[in-house]
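This is what each chain is made of:
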Amino acid sequence: MRRARELAARGAQVTVADVDPDGAKRLAEELGGQAWVVDLADTRALDDLRLDVDVLVNDAGAQRVSPVDALAPDDFRQLHRLMLEAPFLLIRAALPHMYSRGWRRVVNLSSVHGLVASPFKSAYVSAKHGLEGLSKTVALEGGPRGVTSVCVNPGYVRTPLVEKQLSDQGPGARHTGVRGARAHPARGVRRQTPRRAGGGRLARRLADRPRRRDGDRGVVDDRRRMERAVTRSLARSERGRETRGPMSTTTRSRSSARADRPMVEERTDMTTTSPAPGRDKVVASPAEAVADIPDGASLAVGGFGLCGNPIALIEALLARGTRNLSVVSNNCGVDDWGLGVLLAAGRIRKMTSSYVGENKEFERQFLSGELELELTPQGTLAEKLRAGGSGIAGFFTRTGVGTQVAEGGLPQKFDGDGGVAQASRSKEVRTFTAADGSAAEYVLEEAITTDFALVHAARGDRYGNLVFHRSARNFSPLAAMAGRVCIAQVEELVEPGEIDPDQVHLPGIYVHRVVEVGTDIEKRIERRTVRPAATSTSKEA
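Residues numbered from 1 in each chain as written. Predicted model: local features only at pLDDT ≥ 70, side-chain atom pairs only at ≥ 80, totals over all residues. Heavy atoms only, no water.

## Topic: the pairing of strand β8 (residues 298-301)
By the alternation rule, side chains of β8 split into Ser-298 and Ala-300 and Leu-299 and Val-301, which are all buried. Direction of pairing for β8 relative to strand β9 (residues 325-328): parallel, over a ladder of three bridges. From the neighbouring strand, Ser-298 faces β9, where its bridge partner is Ser-326. Sheet topology note: the β8/strand β17 (residues 450-461) ladder contains three bridges and is parallel. Considered in β17, the bridge of Leu-299 is made with Phe-452. (Buried < 20%, exposed > 50% of the residue type's maximum accessible area, 1.4 Å probe, protein only. Helix = DSSP H or I, 4+ residues; strand = E, 2+ residues; numbered from the N terminus. Pairing = 2+ DSSP bridges.)

Here it is as structure tokens:
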């Protein structure tokens, strides 16, 4: 709760998840966020969940105090669902978005019981040890892709959960950890994550902190200091990251329990935040810029013919070996340049374009059934991209009414034997009053959004503000807007403030990575047309 309030105070957007609708609504209203009614113990409901979050903090806690031989199997499973299976599913739901952004963070708040054990807490101890292992695995898998994972193990602290346990067990009850070797998995996690994370140091510092005794119960009143330390760590980690879509989420789960077995429950937090706007978005090379584009991704690519093609990014993608791509672009380059190099290498599965000439390999793949094509009128394609980047689901236009664009049947994929294997579907057509007062039919076109966008610009600053050169602007701003992650190659990189705000063609809020490629980058001319040389005649005196 305290962390959610601090994050909200820093400007993060907060979604409160709670099994109690009234409680979720109250807290959401207090934080200026939204309420999400969910019981995290019902893990099957999380199987198909997808989360667009930037930093995921899991703080699930519930206990059943009972000897192993008296603990009901259902109670053991319930605690594991809440404290291990639910965090796994939340992380699983968040990782695709985190990988697409190239930097995000997972923080699991465990307990000293993730390092040692106590009697009569078999479910809690085993779940927290499992959370340690999950954190390490996510660190090993996510580290190379820019996603850090740490596990914080605070000391034995005074919480409502602990107070309830002590009360249930009567006066004089002591809670002492089992003697034995103490592991420090947080240190191993830290070695697998970028040095800037700082979470490993935080985890080790909290786990190793000397305990302050409170009477003879061995409880340290350390919770507030731990919360402040975690919040400071998250704030420090915000430097230099992508800026779109800040969101913070706090979740709380209450599990049902049998009355004869006292279940002590604690709030479950799942908190996310994103870095403050206006950070440096520059990456070192085109290869680094496209390193996290996975197989099967969808791309919006700027350019018109060969003008304004992001060729350095395209070639980096070719070298990386990414395949099965779905590409939205006005055209597909030529046989040996632009998007044509990806096509020739068999890396493109589908093209959404308005012009498909000038490329014999494109013709061959389409007619042989190797390539899927969604042919779209040029102005409609531009507006579909703009609508996607503006949050508009669709629009009506007169373009295409009365043709296969609206009525369907336009070949999208051939079977290799001359037959049509897949054709376009019919679209909704409505009658509206036109500008001249007459009734006219309009066809519904849906917006386009993609996983990534690749664009070329003449100038750009470190915050992602872009300036295009004349006709090289073409589809690039629209493609950039439609991509959830936009990568821009720029000929000239300048410092923030050097571009006159009135001259910015695309604001940096749409751009997530910037890579400088230099002014001597190759720029091909598709068809060179020149005026015939004038014949000079000498004038006699």
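## Describing the nonpolar core
Formed by 31 residues in total, the largest nonpolar core has its most connected members in Leu-40, Leu-46, Leu-51, Met-83, Ile-91 and Met-98. Put simply, the parts of the chain that give this core at least two residues each are β3 (55-64), α3 (73-101) and α4 (122-142). Counting 30 residues, the second-largest nonpolar core is a separate cluster that includes Val-327, Leu-339, Leu-371 and Val-515. (Core = buried A, V, L, I, M, F, W, Y, C linked by side-chain atoms within 4.5 Å.)

## Details of the pairing of strand β10 (residues 348-353)
Regular strands have side chains that alternate between both faces of the sheet. Counting buried residues in β10 gives five out of six residues, a clear majority hidden from the surface. Where β9 meets β10, four bridges bridge the pair, whose relative direction is parallel. By the bridge assignment for β10, Leu-325 is matched with Ile-348. When β10 meets strand β11 (residues 372-375), the two strands line up parallel, connected through four bridges. Residue pairing across strands places Thr-352 opposite Glu-374, the latter belonging to β11. Remark: the β10/helix α12 (residues 360-367)/β11 crossover connection has right-handed handedness. (Right-handed = clockwise from strand over helix to strand, strands pointing away.)

## Description of the packing of aromatic side chains
Per the stated rule, a full pass over the model turns up three aromatic pairs. When the centroid spacing of 5.1 Å and the interplanar angle of 70° are considered together, the rings of Phe-366 and Phe-414 count as edge-to-face. With Phe-366 in helix α12 and Phe-414 in strand β13 (residues 411-414), the pair connects residues that are 48 residues apart, well separated along the chain. Using a relative accessible area of 13% as the deciding quantity, one classes Phe-366 as buried. Looking at Phe-414, the relative accessible area reads 15%, which means it is buried. With centroids separated by 5.5 Å and ring planes inclined at 85°, the aromatic side chains of Phe-432 and Tyr-442 adopt a geometry described as edge-to-face. (Phe/Tyr/Trp six-rings, centres within 6.5 Å; stacked < 30°, edge-to-face > 60°.)

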